[in-house]
Amino acid sequence: MNLILEIIIEYKEFVIITGSIIIYVIIDFILRRKNTKLKKSLYEKYNIIDEEWKNIADIENIDEEDQLTYYKNKNVISFLRFWILFFVIAFYILHKLPNFFSFFAIAVWAIIITFKEVIQCFLWFFYVSTQYKIGDEIVILD
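In short, a report on the structure. (Residues numbered from 1 in each chain as written. Predicted model: local features only at pLDDT ≥ 70, side-chain atom pairs only at ≥ 80, totals over all residues. Heavy atoms only, no water.)

## Digging into the overall build of the protein
Alright, step 1. Within the protein, the secondary structure is distributed over five helices and zero strands.
Alright, step 2. When the elements of the protein are put in sequence order from the N terminus, they spell out α-α-α-α-α.
Alright, step 3. Scored against the burial criterion, the 142 residues of the protein give a buried share of 15%.
Alright, step 4. Long-range pairs, those at least 24 residues apart, make up 53% of the contacts in the protein between residues at least 6 apart in sequence.
Alright, step 5. In the form shown here, the protein has an accessible surface area of approximately 12400 Å², with 67% of it arising from carbon and sulfur atoms. (Helix = DSSP H or I, 4+ residues; strand = E, 2+ residues; numbered from the N terminus. Buried < 20%, exposed > 50% of the residue type's maximum accessible area, 1.4 Å probe, protein only. Contact = heavy atoms within 4.5 Å. Areas by Shrake-Rupley, 256 points an atom, 1.4 Å probe, with all protein chains shown as cover.)

## Notes on the packing of helix H4 (residues 100–114) against helix H5 (residues 116–131)
Alright, step 1. Two elements in contact, H4 and H5, have axes separated by 5 Å at closest approach and are oriented at 80°. On the basis of their axis angle, the class for H4 and H5 is roughly perpendicular. Where H4 abuts H5, its residues Ile112, Ile113 and Thr114 lie against Lys116, Glu117 and Ile119.
Alright, step 2. Residue composition of the contact of H4 with H5, by class: three nonpolar, one polar and two charged. (Axes fitted to C-alpha atoms, helices over the stretch in contact; angles between N-to-C directions. Parallel < 35°, antiparallel > 145°, perpendicular 65-115°, else oblique. Nonpolar A, V, L, I, M, F, W, Y, C, P; charged D, E, K, R; others polar.)

## Considering the packing of aromatic side chains
Alright, step 1. In the structure shown here, the tally under the stated rule is seven aromatic pairs.
Alright, step 2. Centre to centre, the rings of phenylalanine 122 and phenylalanine 126 are 4.9 Å apart; their planes meet at 85°, and the pair counts as edge-to-face. One end of the pair, phenylalanine 122, and the other, phenylalanine 126, are both in helix H5, four residues apart, so they sit about a helical turn from each other.
Alright, step 3. Exposure remark for phenylalanine 122: the relative accessible area of 52% places this residue in the exposed category.
Alright, step 4. In this structure phenylalanine 126 comes out as partly exposed when scored by relative accessible area, which is 42%. (Phe/Tyr/Trp six-rings, centres within 6.5 Å; stacked < 30°, edge-to-face > 60°.)

## Concerning the environment of lysine 39
Alright, step 1. Mapped onto the secondary structure, lysine 39 falls in helix H2 (residues 12–46).
Alright, step 2. Under the relative-accessibility criterion, lysine 39 is labelled partly exposed at 25%.
Alright, step 3. Lysine 39 sits 31 residues away from tyrosine 70 along the chain, and the two C-alpha atoms are 7.7 Å apart.

What follows is the structure, given as structure tokens:
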């Protein structure tokens, strides 16, 4: 047990990067499998042949929830790829250049102060989009 722990501590960079990649592959596999099942159910539901199936957005009769779930899963996969890559690069930089983040923190704070209104609007968009559905009417001062 101690030998395994010593090996993990000695090669911690490799273990963390490999662990991140393994976690990504597992989540990616699960989401792709889920999307494949959803796509097959849509094939069966609308009797669509593979040659006719060019793009899921081309079909107007598809249930909105199925379509939203399909694209949400595709976006989650892309988002996951980005964050895994970001995590690996950040870990590598932090491990090799620890003083980099003191400069980086100052730069990020300057960007946040400069683009405060844009960042607030961006964050409020996600809050509002969770509270209301597409097609809802919002009336202010009726």
